[in-house]
Every structure is written in structure tokens, then in C-alpha cells.
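Examining the three-dimensional arrangement
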Protein chains: 2
Amino acid sequence: MGMGLLDGVVVLDLTRVLAGPYCGALMADMGATVYKIEQPGRGDDSRSMGPFQNGESVYYINCNRGKLGCTLNLKAPEGKKLFLELVKKADILLESYRPGTMEKLGLGYETLKEANPGLIYGSISGYGHTGPYSKRAGYDIIGQAAGGLMSTTGWPGGSPTRTGTPMGDVLGGLSLAIGVLAALNNKHATGEGEKVDISLVDSVVSAMMNINMIYFAEGRIPQRIGNRYESTYPYDSFKTKDGDVIIGAGNDKLYRLLCQEMGREDLLEDPRFRTVSDRVANHEAMKEYVEAWTLEQTVDEVADRLNKIGVPSSPINTIDRVARDPQIAGARKMFVDVEHPVAGKVTVTNNQLKFTHREAAPQASAPLLGQHNEDVYCGLLKLDKAELDRLKAEGTI
Amino acid sequence: MGMGLLDGVVVLDLTRVLAGPYCGALMADMGATVYKIEQPGRGDDSRSMGPFQNGESVYYINCNRGKLGCTLNLKAPEGKKLFLELVKKADILLESYRPGTMEKLGLGYETLKEANPGLIYGSISGYGHTGPYSKRAGYDIIGQAAGGLMSTTGWPGGSPTRTGTPMGDVLGGLSLAIGVLAALNNKHATGEGEKVDISLVDSVVSAMMNINMIYFAEGRIPQRIGNRYESTYPYDSFKTKDGDVIIGAGNDKLYRLLCQEMGREDLLEDPRFRTVSDRVANHEAMKEYVEAWTLEQTVDEVADRLNKIGVPSSPINTIDRVARDPQIAGARKMFVDVEHPVAGKVTVTNNQLKFTHREAAPQASAPLLGQHNEDVYCGLLKLDKAELDRLKAEGTI
């Protein structure tokens, strides 16, 4: 342990708020050196987004842990020059400006490629860098709405519903990480650079999986169907004495085990429930049989019994339960503390990638605005201290 | 165009249903040679999951496009031997068995590493390979419930709600792709292999981002709050004459533009709405002002006006709208046809990764069960046709 899988990989992270920063944070956790480049005096929008701890945004800290912070005015001529010097030293650039902005700054992919032909340029935007909507601003909620996720989340008769986390941004950030890592693999093999063009909307559309297939194969428009699934049943939430419990008996084997545990082997012979597709078609009747059984027990009783016999079952965890869960917080160490110079001890969410030989975990807290300017401009770019002071006085950094 | 970023990368894909297969499909789209290895006679569970086209599961086809299909009985002694021969020829193995199953088969990471020290072993499971719940079965709905996503999705006073797509599986599959690609990068640099241990639950927990931070920084348990967000406002759905429209004015600049367009510059001076945090705190009052304006217009009128001035806005697309959207289906080509030997022309969801120099897109349809057995066993492993027939007759393949 100790070294990371991306040791030696240098990333310039111009991205803001959540999608791009999440990608950069995952890479920093794996050992990449990630320079978070922010607008002088102002910084990332998310610095003003709650929640806060001692006045510092922990929204920002979670998304930017382990990065080195520097400021740079990309509109200033000297700022552009410094940026090109940084690009020459980078493997990967991440940016989340509205498409066309980098070109307007004179820093589009074609220009940066001249400075560094092997550069992997990773962009993330609402709708992508091509097409009629490409210049439109797009944020998480646009991805969730335009990509079809909201129209299929929620309850029959209820409103379209977004997910409890900025899922458009998360899916976009993960897709961006896959894109730049695939390009990095190709760079190892061929020396070639690449431009990666990820959109939040495309990322959501890809995530719609079998839901899109329903429309294309059956011509049926998928609706909001609550907690049951289109492709399998009984795989749903069920009422108990003290709340809802999740049961996921998604294939024949698990269904048989469930019926046996319920003492309802007779259901195995019922023609309404013979195949997965039969059970989906007759899900209302199936739910009644399962709930007749779960309603006589508590959430924990059902979950314990079913997990014992290998049928997936779980309580619906609130975040406080997640935070103290012996598996999630305990064995998997999904929450770790970092020490921030102003906020103090901050608990952030750990990296979800677990490796046997190398580690992926937050390496440090997030930077204050421009905290590592001297390391970057004097250390990496070899400017002297007087130049640093001048650049600062002129508002270039 | 033409060549992919993962050309020459060989993947053995033992995974089933959605999470692992999605990862393998994204890699196949990028040019990796992905061998989908299935149980003889039965195959992946998702072959029996709808939707269907000419009796073939398009759920399966979407998740397994571009893969080569072979069958192999991993319980048969000769099946194990053949598998080890395949492992020697692979860069990456993907598996989604319940933790411990591969060890029980005598094919755990330690054994496979002896056959191929550079192997990247990517596992995906409900709770991960370590900890007290590691042996529990975990499917998508378990990830969504245990990881905190369901408890925070939905409406005040309403039920915990899953997302409209198997999001736990999707997040797990994307995380698995990041893990194996990061390990592949390290293999290029050092020659080392790696075991990657992804859990659906951890992947959901990581995706909870600022929602987790609310609990740790404020001690408050995040609730279901409908379509508004915890960290910014006005960024929500709003009623119009003919349905709900999304507006995402998440920062000061966008908020100013929105107020100007509404003819409500007076709100910019209102102390209740001065900062992002003020607007979150007074979201109910803010919503009334915005809705007084949106209710006099249609969804399209609001979206068109706001997009013209650079404020993010979108209809809430149903899947049929997504499927004919000029940006998504048109410019971004997010739906493509593949030709399946039985199902015929099948429309699948395209890869969300767009590159400038290389292509990521479905290369072919998904295989019939064992369709490429001869290519794999005679071509790759150099068995002769008589051996192939014997293995088939004995149920090994």
C-alpha cells in the first residue's frame, strides 16, 4: 500500500462545482497530482455552496480533496502564457466551461495540442461540444430532466422526480474519468493525445439502460412505477410492522428461496408467477402475497431472515444509518477525516475504488484559494518570488 | 476514426445482469476484445429479462453488444483448465459472483495471479469483498437502499423512492471501469497486476456527495425534498400552463439573468435572496415568485426564453422525446442500430464517451449463447474441432 495507481500522472483541473471536480478528486485519490486552477479572488462557485464548517464549504472540500490549489486569470495575456506552460507539463486537462469558451480564450484543444501533442483534453458540459444545444448551459438538473431520468423516477400519478443526489453530475464525472483513463491507456500504447467530450445529458441517457430499450423494442413510453422494476419481480419495497423493507428476489432461484422462507411453496406452482416475465406481469398480486408475510414482521426481522438464506434484503438506510453501518463505515471505511486549515477536521466520503496492491483514498484536504501558488509557479514553472508577487499584484494569479 | 482507445486489450467478462456487463460493453465499444463467458445451456440471467424482440432479450443485447460469446462450465475440472488458459491470454477479468465463489471454484485472484501475474481482476458485488456483509447477495435495489439514495429521493411526506433506472448497478459498472482502467495504466507503467474490488453500495455512497456532507458537517439527516436541491436555489421544477419546466439558476450570475428576464430586478435587492444560501433558506418564497412567471407560459416558451439568455432550462423529457431529440438522438447519435441474428435490427443506447481521434460505439450485436465457441476454443486456444465437439457433448462448454 501507499503508492497509487495514477502516481506520476499530472492533471490540470479547471472544472467547477461537482461533475468535473468529482472526476479530479477520484484521480487525486489514486495518486495523480491534480492542480485545481481557480479564478483569482473568487474561485469555484461551490466555495459558496453549503454545507459549511467554520465558514468553509465542505461541499467544495469533498469534491476537491487532495488537489493542489492555484489561481490563474485565463483572460489575462500573461495568464494564458502561464497556462500553456502548465499544459506542457500535464498529461490530462479537465475543463467544464460552456462549449466554445476555451476557444474564445484562445485555449481550445487545437491550440493546446500544439503546445502538448500528447495532451488528453477532457471536457464536460451539459449537452456536449457538438450539436444544436451545445452552447446551452447545462447543470445537473438539466441532465436529469433532458436525459429521461426524472420522467421515470417517482410514483404512478405523482410528479417527475429527481434523484436525491446530483446524479447527472455524478454520472458525467464518472464517464469523464473513464474517458480520460481510456485515452491515457492509448497514450501509453501509441503516444497519441485525445479530446474527450462528455455531456451530462448523454451520460444520463446511457444510464437509462433497459428503460430506453422498452421504448425501442415495444414502442411503450416508460412511466413512473415507484420502487418496482420493469424487468423483474418480486424486487421492490414491501411494508412491514415498522417501515419499508427491500427484497430483491430477481431470478428463479432467489424467488424459490423466498417462497420457501415464506412457507408459500404453493406459489411456485401458480401459473401467474411461473417465469420472471409472469411475475412482472402479475406484480400486484405477487406484492400482496409477499406483504402478507412482511407485514407481520419488522424491517430488521425480514432482512435478517432473508440474508441468512441468501435472498437480497435491506433496510432503506437514512444517511445517519449509512454513516454508522458496520459494513459501509466500518469494514469498507467509506468515510474518512481530512484536516483542513480553516474548517478543521472534516469527514469526507472515501473513494469507492478498493484495490489489493495500491490505495485509493483522499490524500489531503482541499486547498484554500491559491494555497499552492508558490509551489506551482515557483516550484513547477521556476518563476522567482518577485515575479510571483508581481503576478499577484496585477491580478494574473 | 475507426480504431478504438482500447484496441488490443483483452477482457474476460464473467459478469451477469447489468453492472458488470455495462462495464464490459463500454470497453467493447472502445475497441477491447471482450469475451462474454456464460454458463452452458443457461447463460446470463438477463437473457430471460424483458423487454424482448423476436423472443430475444434486448435488455441482454444492450448490455452485451460487441462481445464475443462463449460458454464454459467453471465447475468442471476441464472447464477450470480452459479458463486458466484464457486467463493467461487476458489483460482484464471481470466477475460479479458473490464474494468467495471464485475461491470456492479454485479460481480466486491468488490462483489466477499465478497463471498471469499482470492480470487485472475486476470484481463487482453488492457489498464488496471485505467486511461482515460481504457474503450477502446484493443487487441494484440493495445498493440504492443501503447506500442512502432511496431515503433521499422523493417528496416530503412521501415514500423513499428508487431511481427510474438501475442506478446502483450503473454506478457500480462505471466505477468498475474506472478501477480497471486505472489499474491498466499502472500495468503499462510498472507491469503489475491488481485486484479491483467494487461494491454497488460503496458506489452509491460515493455518489451521495454533498448529501453525506450535510450529515457530517451539520448533524442533520438529509430528507426527501422533491426536485429542489440542498445547496442552491432557484434550481428546481416549476409549474407552467402545460406541465413542469426545469430552471437551474444555480449561481449569482444566472440568478441575476433570471430576475432580469422575469422583469423582477427588485428581487435582486431583497435581503431574503441575497446569496445562494439565502435563496436556499427562503426557497418557498422564491418558488412563488418564479412560478408566478412560469405559470403564464408553456414549458417550451420558458425553456426557449431562458436558453436564449444563457439560463439553463429544459422540459422534463419522457423517453420518446429523448429518442427523437435533435441534440441527443441527432447530433450526439445516442441511439444506434445493431443487427442481431434472431432479434433482427435492434436499437441500443450508444456509448456516452465521445472522442475526437478514436471512436467509442457498439461494434456489433450481442452474441447468442456460445456463438463464438469455435473462435475462442479453436481460434484462441488452438483446440481442434473434435475436442470442441467432445467438450460440448460433455457439457464443459
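Anything mentioned here points back to the structure above.
Note that this is a predicted model, so its numbers are computed, not measured. For every chain, the first residue of the written sequence is number 1, and numbering continues from 1 onward in sequence order. Working convention: letters from A go to chains and numbers from 1 go to ligands, in the order in which they are written. Reporting of local features is limited, given that this is a predicted model, to residues whose pLDDT is at least 70; pairs of side-chain atoms are given and counted only at 80 or more, and all residues count toward the totals for whole chains, interfaces and linings. Neither water nor hydrogens contribute to the side-chain values; these are computed over all heavy atoms in the structure.

Focus on the packing of helix α7 (residues 167-190) of chain A against helix α8 (residues 200-207) of chain A
Residues and elements named next belong to chain A. Using the following cut-off: Here an axis means a line fitted to C-alpha atoms, over the contact stretch when the element is a helix, while the angle between two N-to-C directions is reported on a 0 to 180 degree scale. Secondary structure elements follow DSSP: runs of H or I of four or more residues count as helices, runs of E of two or more count as strands, with numbering from the N terminus. What sets the label is the angle itself: under 35 degrees gives roughly parallel, over 145 gives roughly antiparallel, 65 to 115 gives roughly perpendicular, and the rest give oblique. Note on contacts: a residue pair is in contact if any heavy atoms of the two residues lie within 4.5 Å. Nonpolar residues are Ala, Val, Leu, Ile, Met, Phe, Trp, Tyr, Cys and Pro. Charged residues are Asp, Glu, Lys and Arg, and all others, Gly as well, are polar.
It is at 8 Å that the axes of α7 and α8 come closest, and there the two elements cross at 95°. In terms of orientation, α7 lies roughly perpendicular with respect to α8. In this structure, α7 uses G168, D169, L171, G172 and S175 to contact α8, whose residues at the interface are L200, S203, V204 and A207. In terms of residue class, the contact of α7 with α8 is built from 4 nonpolar, 4 polar and 1 charged.

Looking at empty space enclosed by the protein
How we decide: Grid points spaced at 1 Å and placed over the protein atoms alone form the basis of the search, with a cavity being a set where a 1.4 Å probe fits but cannot get out and a pocket an open set showing protein on both sides within 12 Å along at least five of seven lines. Lining residues have an atom within 4 Å of a point. Grid points are joined across faces, edges and corners, and a volume is the space filled by probe spheres set on the points.
All told, the structure shown has 4 cavities of 30 Å³ or more when counted by the stated rule. Forming the boundary of the largest cavity are 15 residues, of which V17, M49 and Y59 of chain A together with T232 and Y235 of chain B lie nearest the centre. Partitioning the lining of the largest cavity into residue classes produces 7 nonpolar, 5 polar and 3 charged. Residues of the lining of the second largest cavity, tallied by class, amount to 3 nonpolar, 6 polar and 1 charged.

Brief notes about the state of the cysteines
The condition is simple: Count a disulfide wherever a pair of cysteine sulfur atoms falls within 2.5 Å. Note on exposure labels: buried denotes an accessible area under 20% of the residue type's maximum, exposed denotes more than 50%, and partly exposed covers the range between, all computed with a 1.4 Å probe on protein chains only.
Tallied over the entire structure, the rule returns 0 disulfides over all chains. No disulfide involves C378 of chain A; its sulfur sits 12 Å from the nearest other cysteine sulfur, which is in C70 of chain A. A disulfide-free cysteine, C63 of chain B has its sulfur positioned 12 Å from the sulfur of C23 of chain B, the nearest such atom. Exposure remark for C63 of chain B: the relative accessible area of 1% places this residue in the buried category.

Notes on the pattern of salt bridges
This is how it is decided: Whenever a carboxyl oxygen of Asp or Glu lies within 4 Å of a side-chain nitrogen of Lys or Arg, that contact is scored as a salt bridge.
This model, assessed by the stated rule, comprises 46 salt bridges over all chains. Among the salt bridges present, the one from D45 of chain A reaches R42 of chain A, with a minimum N-O distance of 3.3 Å. Exposure remark for D45 of chain A: the relative accessible area of 12% places this residue in the buried category. Residue classification places R42 of chain A among the partly exposed positions, given a relative accessible area of 44%. Ionic pairing is found between E38 of chain B and R47 of chain B, a salt bridge with its closest N-O pair at 2.9 Å. E38 of chain B sits in the buried class, given a relative accessible area of 3%.

Looking at the interface of chain B and chain A
Often, the extent of an interface is quoted as the loss of accessible area on bringing the components together. Counted only if it meets this: Computed with a 1.4 Å rolling probe, the buried area is the accessible surface lost when two parts are put together, summed over both parts. Polar contacts here mean pairs of N or O atoms no more than 3.5 Å apart (in protein, one a potential hydrogen donor and the other a potential acceptor; neighbouring residues in sequence count only if both atoms are side-chain atoms).
Facing 148 residues of chain B, the contacting portion of chain A comprises 147 residues. Here chain B and chain A share an interface that buries about 12,500 Å² over both sides, 62% of which is from carbon and sulfur atoms. On the surface where chain B and chain A come into contact, there are 6 salt bridges. Residues D197 of chain B and R332 of chain A are paired through a salt bridge, measuring 2.7 Å at the closest nitrogen-oxygen approach. For the interface between chain B and chain A, the tally reads 70 residue pairs in polar contact (both at pLDDT 80 or more). Take the side of chain B that touches chain A: its biggest share by element is 16 residues, from helix α7 (residues 167-190) of chain B. Looking at the side of chain B that touches chain A residue by residue, the classes come out as 74 nonpolar, 54 polar and 20 charged.

Topic: the packing of aromatic side chains
Each pair of aromatic rings is reported with the distance of its centres and the angle of its planes. The condition is simple: The rule is short: rings of Phe, Tyr and Trp, with Trp giving its six-membered ring, pair when the centres are within 6.5 Å, and they are stacked under 30 degrees, edge-to-face over 60, tilted in between. Two conditions define a charge located above a ring, namely a distance within 6 Å from the ring centre to NZ of Lys or CZ of Arg, and an angle within 35 degrees of the ring normal.
If you walk through the whole model with that rule in mind, you get 16 aromatic pairs over all chains. Ring centres of Y229 of chain A and Y235 of chain A lie 4.5 Å apart, and the angle between their planes is 85°; this geometry places the pair in the edge-to-face category. Like Y229 of chain A, the residue Y235 of chain A is buried in the burial classification. Taken together, the aromatic side chains of Y139 of chain A together with Y229 and Y235 of chain B make up a single cluster linked through ring pairs. Across from the ring centre of Y229 of chain B, 3.8 Å away, lies the NZ or CZ of R162 of chain A, which sits over that ring. Taking the ring centre of Y255 of chain A as reference, the NZ or CZ of R279 of chain A above it sits at 4.0 Å.

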